[in-house]
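# Breakdown of the fold
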Amino acid sequence: ARVLADGLPEGVALVLGACCHSRPKGALVGAVESVGELAWRPLPEPPKPWEDVAFSAEQERLLGEVLERAAGPARLTPAARRLLCERLGFAPRALAQEARKLAAASAGGVIDEELVLALSFPRERSLEVVWEAILERRAAPLLDLLAAAEGNWAVRDRRGQAVRREGVPAAVVGQAAAALQQLLYLRRLADRSGLASEMAPARTGADYWYPRSFSKGIGPQLASLLEAEAPSPLVRAGAKPPTMFRLAGLFKGAGRYSDDELVRALAEVGEVEASLRGGLGAEALTVWLAGFIARP
């Protein structure tokens, strides 16, 4: 269990369940109860896969309480709270530590987003944003990643390892090309299977689309087709097929593009890779990314 005793009245500890939902037992509990009071809060349930949110309502309330308590007299703005939770995840102990540090820096005043960015997080980016940005058809995260590399900020791969500055553009091209290939293949597969109309953003963006339409109908049908056609861009030889939730994200992403847009972007990959070996590689990569992601 995580113990958050700092900032609470003397002799009182708030214990948050880390691995179980029942009241904890053991030496820690006995030590707390021998000197004060034990307040047990079960671990809130995580959000459902189809809710498309980072935290459940119960998790948000709990994290808000932890931050407010740790910040003390300082006022935490909604933007600062959201940024802390998004970057640290469901980590009450780490959130409390950051809130105390920020409260001290604000001298009991206001903890805003600017203060959080200045004091709480290192200036680094992750290549994980490449897939998400392409699936969601958003250029800003990709351009921000390239700007960070150009500014000598740390960029990390999916394993958390630092990527050399000069290696970032090539890594972005490789991941982007793989994502485009998967989206094009999935569009063609859906078209052959009579599922092309189900890809329309108006359908995939509907409330409860995942539990009502995808997980019980479209998803299993696609999974069977992928298994029959393996290996493919989505199911490499010897690799596991994508999970149902991952497949839903790819299906949504494929619906945000047309076949022509994906084919054109893939046809330009070779030219972009060649440009990376020249003096205007970063510029060529930026133009390519913005070009195929931009809405027609």
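None of the values given here were measured: they were computed from a predicted structure.

## What about the layout of surface pockets?
By volume, the largest pocket amounts to about 1,200 Å³. Surrounding the largest pocket, 39 residues form its lining, Asp 52, Glu 132, Glu 136, Phe 245 and Gly 249 being those nearest its centre. In the lining of the largest pocket, the residues fall into 19 nonpolar, 4 polar and 16 charged.

## A short note on the nonpolar core
Ile 134, Leu 186 and Trp 288 are the most contacted members of the largest nonpolar core, which has 50 residues in total. At the level of secondary structure, the elements contributing two or more residues to this core comprise α6 (129-136), α7 (140-150), α8 (168-192), α10 (209-229), α11 (244-254), α12 (259-267), α13 (269-276) and α14 (281-293). Examining the composition of this core, we find that 13 residues originate from one element, α8, more than from any other. Contact partners of Trp 288, with chain neighbours within four places excluded, come to Val 173, Ala 176, Leu 180, Ala 265, Glu 268, Val 269 and Val 272. Grouped together as the second largest cluster of nonpolar side chains are 21 residues, Leu 67, Ala 70, Leu 83 and Ile 111 included.

## Considerations on α10
For α10, built from 21 residues, the straight-helix expectation of 30 Å at 1.5 Å per residue is missed by more than 12%, its first-to-last C-alpha distance being only 26 Å. The largest bend in α10 amounts to roughly 50° and is located at Ser 215. Along α10, the positions that sit buried rather than exposed are Trp 209, Tyr 210, Pro 211, Phe 214, Ile 218, Gly 219, Leu 222 and Leu 226. Against α8, α9 (201-204) and α11 lie the buried residues of α10.

## Looking at the confidence of the model for the protein chain
Taken over all residues, the pLDDT of the protein chain has a mean of 86, while the share at 70 or more is 91%. Contacts for the low-pLDDT stretch residues 1-13, under 50 throughout, to residues beyond four places or in other chains number 32 contacts. Counting contacts from residues 15-20, a segment whose pLDDT is below 50, to residues more than four positions away or on other chains yields 22 contacts.

## Thoughts on the packing of aromatic side chains
Considering all chains together, one arrives at 6 aromatic pairs under this definition. Look at Tyr 210 and Phe 214: their rings are 6.1 Å apart centre to centre, the planes differ by 25°, and that puts the pair in the stacked class. Within this pair, Tyr 210 and its partner Phe 214 are both found in helix α10, separated by 4 residues, close to a single helical turn. This pair shows no difference in class: Tyr 210 is buried, exactly as Phe 214 is. With a centroid separation of 5.7 Å and an interplanar angle of 50°, the aromatic rings of Phe 214 and Phe 251 are classed as tilted. Of the two residues, Phe 214 sits in helix α10 while Phe 251 sits in helix α11, which places them 37 residues apart along the sequence. Judged by relative accessible area, Phe 214 falls into the buried class, the value being 0%. Here the aromatic cluster, defined as three or more aromatic residues joined through ring pairs, consists of Trp 209, Tyr 210, Phe 214, Phe 245 and Phe 251.

## What to know about the packing of α8 against α14
Viewed as axis vectors pointing N to C, α8 and α14 meet at an angle of 25°, and their least axial separation amounts to 11 Å. Here α8 is positioned roughly parallel relative to α14, judged by the angle of their axes. Considering how the two elements wind past one another, α8 and α14 form a crossing that is left-handed. Contacts between α8 and α14 involve Pro 169, Val 172, Val 173, Ala 176 and Leu 180 from the first element and Leu 285, Trp 288, Leu 289 and Phe 292 from the second. Of the residues belonging to the contact of α8 with α14, the class tally is 9 nonpolar, no polar and no charged.

The rules we used
As a convention, each chain's residues are numbered from 1 in the sequence order in which they are written. Only residues with pLDDT of at least 70 get local features here, since the model is predicted, and only at 80 or more are side-chain atom pairs given and counted; chain-wide, interface and lining totals rely on the full set of residues. With hydrogens and water excluded, all non-hydrogen atoms of the structure serve as input to the side-chain values. Residues are said to line a cavity or pocket when one of their atoms sits within 4 Å of a point; the points come from a 1 Å grid over protein atoms alone, cavities being sets where a 1.4 Å probe fits but cannot get out and pockets being open sets with protein on both sides within 12 Å along at least five of seven lines. Grid points are joined across faces, edges and corners, and a volume is the space filled by probe spheres set on the points. Three residue categories are used. Nonpolar comprises Ala, Val, Leu, Ile, Met, Phe, Trp, Tyr, Cys and Pro, charged comprises Asp, Glu, Lys and Arg, and polar comprises the others, including Gly. The set of buried Ala, Val, Leu, Ile, Met, Phe, Trp, Tyr and Cys residues whose side-chain atoms join them within 4.5 Å is what this entry labels a nonpolar core. Type-normalised accessible area, obtained with a 1.4 Å probe on protein chains alone, sets the label of each residue: buried when under 20%, exposed when over 50%, and partly exposed for intermediate values. Helix and strand assignments follow DSSP, with helices taken as H or I runs no shorter than four residues and strands as E runs no shorter than two, numbered in order from the N terminus. A contact between two residues is defined here by any heavy atoms of the two lying within 4.5 Å. Each helix should span, by expectation, one fewer than its residue count multiplied by 1.5 Å. Bend is the name given here to the angle between axes fitted to two runs of seven residues, the run ending at a residue and the run starting at it. For every residue, the pLDDT score states the predictor's confidence, bounded by 0 at the bottom and 100 at the top. Only rings of Phe, Tyr and Trp enter the pairing, Trp through its six-membered ring, and a pair is recorded when the two centres are within 6.5 Å. The plane angle decides the type: under 30 degrees is stacked, over 60 is edge-to-face, the rest tilted. Axis definition: a line fitted to C-alpha atoms, limited for helices to the stretch in contact. Angles are taken between N-to-C directions and run from 0 to 180 degrees. Working rule for angles: under 35 degrees goes down as roughly parallel, over 145 as roughly antiparallel, 65 to 115 as roughly perpendicular, anything else as oblique. Put simply, a crossing is left-handed when the front helix is turned counterclockwise from the back one by less than a right angle, and right-handed when it is turned clockwise.

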